[in-house]
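Analysis of the macromolecular model
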Amino acid sequence: MKKVYENLEFAMVGHMKSLLESKGIKCEIRNEGGVSVAGEVPFTQVYPELWVLSNGDVPTAKKFVAEYRETLGKAEVGPAWKCPSCGEEVEGQFGECWNCGAAAPEKT
Ligand SMILES: [Zn+2]
């Protein structure tokens, strides 16, 4: 088993699961309980993760995930940004640096 995707938004992970399953790739979601009901603050920040059951499907799954993320990047998620504080590369969906907690630079 291998993790191919994770996202703060559970709906996104669920969507990815449906996408992969429609391609005949068996997968499952872990950390479903990590995101609590709306309004509650989770104790720990655990992102739902999408795991592919068969290692043989991993390259294909990763390809679909990459394509999907690319689509998202154009639609609503900004490109990866470089932290102005520590220089770390941070993925576009995060509003602050995972390393030092600095806020993302203003999006233009
Ligand atoms: Zn930083």
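The three strands are arranged 1-3-2 in an open sheet whose pairing can be described as antiparallel. In this open sheet, the two strands that pair with only one neighbour each are strand 1 (2–6) and strand 2 (27–30). When strand polarity is set aside, the average angle formed by the axes of neighbouring strands in this sheet is 30 degrees. Of the pairings in the sheet, the one linking strand 2 to strand 3 (residues 49–52) comprises four bridges and is antiparallel in character. Within the sheet, the bridge partner assigned to R30 lies in strand 3 and is E49. Sheet contacts for helix 1 (residues 10–22): strand 1, strand 2 and strand 3; angle to strand 2, the most-contacted strand, approximately 170 degrees.

Considering the arrangement of structural elements, one finds K3 in strand 1. K3 sits in the partly exposed class, given a relative accessible area of 34%. In the structure, K3 is positioned 59 residues away from K62 in sequence and 9.4 Å away in space, judged by C-alpha atoms. With sequence-adjacent residues up to four places away left out, K3 is seen in contact with E49, L50 and W51. One polar contact links K3 to E6, side chain to side chain, over a distance of 3.3 Å.

So, about the coordination of the zinc ion. The protein atoms that coordinate the zinc ion are C83 (SG), C86 (SG), C97 (SG) and C100 (SG), at distances spanning 2.3 Å. Coordination geometry of the zinc ion: the four donor atoms subtend angles of 105 to 115 degrees at the metal centre, consistent with an arrangement described as tetrahedral. Going along the chain, you hit the donors of the zinc ion in the pattern C-x2-C-x10-C-x2-C. Here the residue C86 occupies a position in the loop between strand 4 (81–82) and strand 5 (89–90), and C100 occupies one in the segment after strand 5, the gap between them amounting to 14 residues. A residue is classified by how much of its surface remains accessible, and C86, at 34% relative accessible area, is partly exposed. The exposure class assigned to C100 is partly exposed, which follows from its relative accessible area of 40%.

Thresholds applied
- Residues numbered from 1 in each chain as written.
- Predicted model: local features only at pLDDT ≥ 70, side-chain atom pairs only at ≥ 80, totals over all residues.
- Heavy atoms only, no water.
- Pairing = 2+ DSSP bridges.
- Helix = DSSP H or I, 4+ residues; strand = E, 2+ residues; numbered from the N terminus.
- Axes fitted to C-alpha atoms, helices over the stretch in contact; angles between N-to-C directions.
- Contact = heavy atoms within 4.5 Å.
- Buried < 20%, exposed > 50% of the residue type's maximum accessible area, 1.4 Å probe, protein only.
- Polar contact = N/O pair within 3.5 Å; in protein donor to acceptor, adjacent residues only side chain to side chain.
- Donors = N, O, S within 2.8 Å, 3.2 Å for Na, K, Ca; no water.
- Tetrahedral: all angles 85-135°; square planar, octahedral: opposite > 155°, others 65-115°.

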